[in-house]
Amino acid sequence: MYAKILIPVAYEPGYDIGRELQVARALAKPHGAQVILAHVMEKTPFYAIDYMPQGWREELHDAILADLAQHAATVPGGSVAVLEGEPGRTLLDHAQAEGVDCIILAAHRSEPALIGSTATWIARNATCAVHLIR
């Protein structure tokens, strides 16, 4: 059904991508779709740059990459991307560039009935299928 599936990953307290991975496995299994786990690192606010230790951003990038790779290894055809920019637009640009035909989004963790503003923006502006998990 799908050739490439994108799972946006936001690191916040209590975040668990288990549900997204479960749905991705089910959707990918019939045709061997590629599953891309992606996180967007936002630009560091100018007022915080002078207070951060040298190399912190590179260390954070590497830690996110390693965590994503660990999760991607549990999905056949799994791959990862750590991107930089504004999350919604960057994820949709990446989806279009990679030929993604399905994005899996999860409800916001603090209130399962709600999705966050970035997920809402992606759902409204995506040019491919979007599966929302509540």
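Here, the structure is the one placed above.
Residues numbered from 1 in each chain as written. Predicted model: local features only at pLDDT ≥ 70, side-chain atom pairs only at ≥ 80, totals over all residues. Heavy atoms only, no water.

A. Geometry of the nonpolar core. Core analysis: the largest hydrophobic core is formed by 21 residues, its most contacted members being I5, I7, V9, V35, L37 and I104. Ranked by the residues each element gives to this core, the list is headed by helix 1 (residues 18-28), at four residues. One finds A38, V40, A81 and A95 within the second-largest nonpolar core, a separate group that totals 16 residues. (Core = buried A, V, L, I, M, F, W, Y, C linked by side-chain atoms within 4.5 Å. Buried < 20%, exposed > 50% of the residue type's maximum accessible area, 1.4 Å probe, protein only. Helix = DSSP H or I, 4+ residues; strand = E, 2+ residues; numbered from the N terminus.)

B. Representation of the environment of P76. By the element assignment, P76 lies in the loop between helix 3 (56-72) and strand 3 (78-84). Between the C-alpha atom of P76 and that of A33, which follows or precedes it by 43 residues, the distance is 8.1 Å.

C. Just the side chain of H39, in detail. Mapped onto the elements, H39 comes out in strand 2 (residues 34-41). Only 2.7 Å separates the side chain of H39 from the backbone oxygen of V9, close enough to count as a polar contact. The contact partners of H39, leaving out residues within four places of it in the chain, are V9, A10, Y11, I64, L68, A81, V82 and L83. (Polar contact = N/O pair within 3.5 Å; in protein donor to acceptor, adjacent residues only side chain to side chain. Contact = heavy atoms within 4.5 Å.)

D. The arrangement of the sheet that holds strand 3 in detail. Across the sheet, five strands lie side by side as 3-2-1-4-5; this open sheet has parallel pairing. In this open sheet, the two strands that pair with only one neighbour each are strand 3 and strand 5 (129-133). Sheet twist, expressed as the average angle between the axes of neighbouring strands with direction ignored, equals 25 degrees. Sitting on the sheet, helix 4 (residues 87-98) is in contact with strand 1 (4-8), strand 2, strand 3 and strand 4 (102-106), with an inclination near 150 degrees to strand 2. (Pairing = 2+ DSSP bridges. Axes fitted to C-alpha atoms, helices over the stretch in contact; angles between N-to-C directions.)

E. View of the pattern of salt bridges. In total, this model carries two salt bridges according to the counting rule given. One salt bridge in this structure joins K4 and E98, with 3.6 Å as the shortest N-O distance. Taken as a pair, K4 in strand 1 and E98 in helix 4 lie far apart in primary sequence, 94 residues in all. Accessibility expressed as a relative area gives 21% for K4, which makes it partly exposed. Of the charged contacts in the structure, one is a salt bridge between E84 and R57, with a shortest N-O distance of 3.5 Å. (Salt bridge = Lys/Arg side-chain N within 4 Å of Asp/Glu carboxyl O.)

F. Representation of the pairing of strand 4 within the structure. Among the five residues that make up strand 4, five are buried, leaving the element largely enclosed by the rest of the structure. Here strand 4 shows two buried faces, one formed by C102, I104 and A106 and the other by I103 and L105. Strand direction decides the pairing type here: strand 1 and strand 4, joined by two bridges, are parallel. In the strand pairing of strand 4, L6 is matched with I103. Here strand 4 runs beside strand 5; their pairing, made up of five bridges, is parallel. In the sheet register, C102 faces strand 5, and the bridge partner there is A129.

G. Region of interest: the environment of D50. Among the structural elements, D50 can be located in the loop between helix 2 (46-49) and helix 3. For D50, a relative accessible area of 71% corresponds to the exposed category. Sequence-wise, D50 and Q96 are 46 residues apart; in three dimensions their C-alpha atoms are separated by 35 Å.

H. The arrangement of helix 4 in detail. Between its first and last C-alpha, helix 4 extends 16 Å over 12 residues, near the 16 Å set by a 1.5 Å rise per residue. When we look at burial in helix 4, the residues that qualify are P87, G88, T90, L91, L92, H94 and A95. For helix 4, the secondary structure elements touched by its buried residues are strand 1, strand 2, strand 3, strand 4 and helix 5 (117-125). One side-chain oxygen of the residue at the start of helix 4 lies 3.1 Å from the amide nitrogen of G88, identifying that residue as E86. (Expected span 1.5 Å × (residues − 1).)

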